[in-house]
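If you want the building blocks of each chain, they are given just below.
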Amino acid sequence: ETGVTQTPRHLVMGMTNKKSLKCEQHLGHNAMYWYKQSAKKPLELMFVYSLEERVENNSVPSRFSPECPNSSHLFLHLHTLQPEDSALYLCASSQDNRGTDTQYFGPGTRLTVL
Amino acid sequence: GQQVMQIPQYQHVQEGEDFTTYCNSSTTLSNIQWYKQRPGGHPVFLIQLVKSGEVKKQKRLTFQFGEAKKNSSLHITATQTTDVGTYFCASNTGKLIFGQGTTLQVKP
């Protein structure tokens, strides 16, 4: 509906697992983002990619590793996560990484770390 | 760093009552965006305000940007059950900084 899809929608993983979240946008946008949304916390910006180049990394632990192979796809590789990493992970895209661009969010991946 | 404070955190209203959420910043904002997130859903863009003192309306929703561009408000007239959700303001000055959100519950 918004042109941004995310898979999987739900993920349960152990602390020793390795998994990846996938995001795809069909809007022809040049910028893509990963956000973390935890209960009772504001949306936290994790990574920003503009034209496939990472332009921002908001002090995110190295157990989260983003990858942007092209302007339509964005991945978040996860390894050795902690239970406190359980959250809704939202992908978003915008035309460009400018201050006035509207962000279009995907449905999110609900991650539970056991 | 820049922060955007949003109040109240929660609001319960009877259907038909009005609702207002406020967004405040200690620094001047270049613009403000408002998003709505339905329960179990994802944030969806509602509107962007750019000019000082700007007021925009979308049916029963009225958005206002303060004269000093340090605060904004969203007012819903005569709430309906479809208005349920969390309303976020966000300031975009290079990167999007979200407020904590106001979660609205509407009792039918």
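The preceding data block contains the structure.
Scoring rules and cut-offs
- Residues numbered from 1 in each chain as written.
- Chains lettered and ligands numbered in written order.
- Predicted model: local features only at pLDDT ≥ 70, side-chain atom pairs only at ≥ 80, totals over all residues.
- Heavy atoms only, no water.
- Helix = DSSP H or I, 4+ residues; strand = E, 2+ residues; numbered from the N terminus.
- Rg over C-alpha atoms; globule rule 2.2 N^0.38 Å.
- Buried < 20%, exposed > 50% of the residue type's maximum accessible area, 1.4 Å probe, protein only.
- Areas by Shrake-Rupley, 256 points an atom, 1.4 Å probe, with all protein chains shown as cover.
- Lys, Arg positive; Asp, Glu negative; His and termini not counted.
- Charge placed at Lys NZ, Arg CZ, Asp CG, Glu CD.
- Contact = heavy atoms within 4.5 Å.
- Buried area = accessible area lost by both parts, 1.4 Å probe.
- Polar contact = N/O pair within 3.5 Å; in protein donor to acceptor, adjacent residues only side chain to side chain.
- Nonpolar A, V, L, I, M, F, W, Y, C, P; charged D, E, K, R; others polar.
- Pairing = 2+ DSSP bridges.
- Axes fitted to C-alpha atoms, helices over the stretch in contact; angles between N-to-C directions.

What chain A contains, in helices and strands, is 0 helices and 11 strands. Here chain A has a C-alpha radius of gyration of 13 Å; the compact-globule value for 114 residues is 13 Å, and the two agree. The principal-axis extents of the C-alpha atoms in chain A amount to approximately 35 × 30 × 30 Å. A burial count over chain A gives 48% of its 114 residues as buried. By element, 48% of the accessible surface of chain A is carried by carbon and sulfur atoms, the whole surface being about 5400 Å². Placing the 11 positive and 11 negative side-chain charges of chain A at their respective mean positions leaves the two points 10 Å apart.

Facing 22 residues of chain A, the contacting portion of chain B comprises 18 residues. Summed over both sides, the interface of chain A with chain B buries roughly 1600 Å², with 52% coming from carbon and sulfur. Taken as a group, A:Leu43, A:Gly99 and A:Phe105 account for 26% of the area that chain A buries against chain B, more than any other trio of residues on that side. Remark: the boundary between chain A and chain B carries 3 residue pairs in polar contact (both at pLDDT 80 or more). Sorting the residues of the side of chain A that touches chain B by element identifies β4 (31-37) and β9 (87-94) of chain A as the ones contributing at least two each. Grouping the constituent residues of the side of chain A that touches chain B by class yields 8 nonpolar, 9 polar and 5 charged.

Let us now look at the sheet that holds strand β1 (residues 4-7) of chain A. Residues and elements named next belong to chain A. Spatially, 4 strands are ordered β1-β3-β8-β7 in an open sheet, and the strand pairing comes out antiparallel. Of all the strands in the sheet, just β1 and β7 (64-70) have a single pairing partner and so form its edges. Averaged over all pairs of adjacent strands, the angle between their axes in this sheet comes to 20°, without regard to strand direction. Of the pairings in the sheet, the one linking β1 to strand β3 (residues 18-25) comprises 4 bridges and is antiparallel in character. In the sheet register, valine 4 faces β3, and the bridge partner there is glutamine 25.

Geometric values such as these leave the question of function open.
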